[in-house]
Structure formats: structure tokens, C-alpha cells
Amino acid sequence: MPAGTSAHAEAFINAFSLEVSAKAMPALRAEADRIPRGTVISIPWLASEDDDARLAAVRTVRALGFEPMPHLSARRIGSRTALERFLERATSEAGVERCLLIAGDLATPAGPFADSASIIETGRLERFGIKVVGIGGHPEGHPAMSGDARWQVLERKCQAIEARRMAPVIVTQFAFDADAVLAWLDALRARGISVPVLVGVPGPASVSRLLRYAAMCGVGASASMLAKYGISIGRLLGTAGPEVFVDRLVQGLTRAHGQVSPHFFPFGGVAPSLEWVAQYRRRISISQRR
């Protein structure tokens, strides 16, 4: 790895964020000393957990010295009162200042929110002190929207968040094709959308588990795409890490791409993802000494 590239790689990997579910909080607590204080920890909305579990996770993240970013699943929120109650507790009990909005996977909304934009429009986020609002990005496309519609929705959300004096950040779905992510970043910046981007990166896991999550999340996983990621269809029983993917991102990112950092989905567990980060840092350090 050339010296200039290694310095770029170091800055990129050091800015990582991490997604950790409420049930995985014991693993986060066990590995907390390996994570820089202030690191953003996003907490996904899982149907198997209730608000008490999510809020307990938010408090744990804050107590460990990290920055909690709970998800709000629009179609799963039953009422405006439920939204307000969650925001009030998250901000008062754990000083939450950021959240990630997702539409959710229900075909019919459980309450008044059909999508993440409808939550922004309530004005409740800024009212309860939210300063940073995450919205989803889809480098490989969206199953329910055309390309043009997807860009228009993303632009409108960013504008609506900024109009309410909050800061938007885009968190992308994880992917296996770094070239597709780089092309999407090119298109994003060409449209004048300059907000920070957290690029979804699959943490190391068994190949079978990665493919299972890809199928669940609608992520492309063709044989050619997996080969670009470093996975051979002939070794589906093995494990795979994101080193090829991250290397390609680092090589392709330029100043024109603005603020871009990795957001790890620890499909194989929190500890293996953090060990991968440590190994990647060691590899960079060795490269810089050469």
C-alpha cells in the first residue's frame, strides 16, 4: 500500500461507526475499551424488541462514552404520542442528539407515518433536541423506487432536515461491490448533495451468513459481485472479511467525494469486527514503515 494511500486508509478506518442491536449490548460492553470514545453506535429497530429494550441500549451506549444513534422505523410507530415518548426519553435519559430514520418493512403503516419524511415533517425531532438526522442511501438501487425518484426523495429529505436547522447524514445499505458504491458517491456529489456519508460495510462473518443477510436486505450478491468482494462461490463454508472492499473504496475515494467513513454491520459479531479493524490498522502501520 503506497504511503499516500496508507495515510488515506488510516483516516478512513479511524472514522468508523458501528451498528449494534439491543441484544448485543453485552458484547459492546465487553469490547468497549477497543472503541474510541465518541464513536457513533447505531441501534437498529428490531421487531423482536420493545422501546424499553431500545432505550436501555441507548443508555448503555451513552454510559460507555459513545454517541448513540437509535433508529426510528416510521411504519412501525403506532402514534405521534409514541414517537414523542420515545424521543423525550432518549434525549432526557441518554442525551441523544442523533437518530437514523428508516421507512420500515410493514406494507401498511401501524400509525400515522408512511415514511421517514413524514417524521421529519412533524417537527418533533428538532423540538426534542435532535441535531443530526440519518437517512438511508442505496448504492445498488431501491426495490420500490426508480433511480430518478430515489435521488429526488434523498434531495428533498436533506433539504427538509437542513431547513429545520438539523444536519443530515446518509447511511448506506451494506454492499459487496465497492465500484458500485463509488459510482453512487460520484452521482451523489454531482447532484450537489455534499452531506457526510457513512458507507455500510459488512463485518467479517461466515459466507453463508453474509448471503443470508444480503437476501434479507435486498443486497445484490451475484457470483461476479461476490468475486469482486473476495468470495469464491466454491468456498461457501468459509468466512470472509471486507478487506478487498475497503481497499477498493480507499483507492477510489478522492477529496471530491467529501466526508465518507465506514459504518460496520457486525454480522459475525462485535468482537470479530473490531479485531478486523485492529488488523487493518496494523497492516496500514506496516505499510507506512516500509
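(A) View of helix α4 (residues 80–94). End to end, α4 covers 21 Å across 15 residues, agreeing with the expected 21 Å (1.5 Å per residue, within 8%). Among all positions of α4, only Ala82, Leu83, Glu84, Phe86, Leu87, Ala90, Thr91 and Ala94 are buried. Buried residues along α4 sit against α3 (51–63), β3 (67–73), α5 (116–120) and α6 (124–127). Just past α4, the residue glycine 95 takes up positive phi, approximately 60 degrees.

(B) Examining the nonpolar core more closely. Core analysis: the biggest nonpolar cluster contains 70 residues, and Leu28, Leu72, Ile119, Leu125, Ile170 and Leu188 have the highest contact counts within it. Beyond its immediate stretch of four places on either side in the chain, leucine 72 contacts Ile77, Leu83, Phe86, Leu87, Cys99, Leu100, Leu101, Ile102, Ile119 and Leu125.

(C) Structural context of the side chain of histidine 257. Mapped onto the elements of the fold, histidine 257 is located in the loop between α11 (243–252) and β10 (260–265). The contact partners of histidine 257, leaving out residues within four places of it in the chain, are Leu182, Leu185, Asp186, Arg189 and Gly252.

(D) View of unusual backbone geometry. Non-glycine residue arginine 165 carries a positive phi angle of around 60 degrees. Looking at the element boundaries, arginine 165 is found in the loop between α7 (147–163) and β6 (167–172).

(E) How the structure looks around the environment of tryptophan 184. Looking at the secondary structure, you find tryptophan 184 in helix α8 (residues 178–190). With 44 residues separating them along the chain, tryptophan 184 and glutamate 140 place their C-alpha atoms 8.1 Å apart. Once residues lying within four places of it in the same chain are set aside, the contact partners of tryptophan 184 are Gly137, His138, Pro139, Trp151, Leu154, Ile170, Thr172 and Val197.

(F) Local environment of the packing of aromatic side chains. In the structure shown here, the tally under the stated rule is eight aromatic pairs. On the basis of an interplanar angle of 55 degrees and a centroid distance of 5.7 Å, the ring pair of phenylalanine 264 and tryptophan 276 is categorised as tilted. One end of the pair, phenylalanine 264, is in strand β10; the other, tryptophan 276, is in helix α12 (residues 270–289), with 12 residues separating them in the sequence. We note that phenylalanine 264, like tryptophan 276, is buried. Ring-pair connections join several aromatic residues into one group, and the members of that group are Phe16, Phe264, Trp276 and Tyr280. Note that arginine 54 overlies the ring of tryptophan 45, its terminal NZ or CZ placed 3.7 Å from the centroid. The cationic tip of arginine 150 hangs over the ring face of tryptophan 151; the distance from NZ or CZ to the ring centre is 5.9 Å.

(G) The arrangement of α8 in detail. Here α8 contains 13 residues, and its C-alpha end-to-end distance of 18 Å stays within 8% of the 18 Å for a straight helix at 1.5 Å per residue. Taken together, the buried positions of α8 are occupied by Ala178, Val181, Leu182, Trp184, Leu185, Leu188 and Arg189. Viewed end-on, α8 has its buried residues packed into an arc of 160 degrees, placing them on one side of the element. In this structure aspartate 177 caps α8, since a side-chain oxygen of it lies 3.0 Å from the backbone nitrogen of aspartate 179. Positive backbone phi, approximately 85 degrees, marks glycine 192, located one or two places after α8.

(H) Structural context of the packing of α8 against α11. Packing of α8 against α11 leaves a shortest axis separation of 9 Å and a crossing angle of 30 degrees. The handedness of the crossing between α8 and α11 is right-handed. Where α8 approaches α11, its residues Ala178, Asp179, Val181 and Leu182 are matched on the opposing element by Phe245, Arg248, Leu249 and Gly252.

Reading the values: rules and limits
Residues numbered from 1 in each chain as written. Predicted model: local features only at pLDDT ≥ 70, side-chain atom pairs only at ≥ 80, totals over all residues. Heavy atoms only, no water. Helix = DSSP H or I, 4+ residues; strand = E, 2+ residues; numbered from the N terminus. Expected span 1.5 Å × (residues − 1). Buried < 20%, exposed > 50% of the residue type's maximum accessible area, 1.4 Å probe, protein only. Contact = heavy atoms within 4.5 Å. Core = buried A, V, L, I, M, F, W, Y, C linked by side-chain atoms within 4.5 Å. Phe/Tyr/Trp six-rings, centres within 6.5 Å; stacked < 30°, edge-to-face > 60°. Lys NZ or Arg CZ within 6 Å of the ring centre and 35° of its normal. Arc of directions from axis to C-beta. Polar contact = N/O pair within 3.5 Å; in protein donor to acceptor, adjacent residues only side chain to side chain. Axes fitted to C-alpha atoms, helices over the stretch in contact; angles between N-to-C directions. Left-handed = near helix turned anticlockwise from the far one by under 90°.

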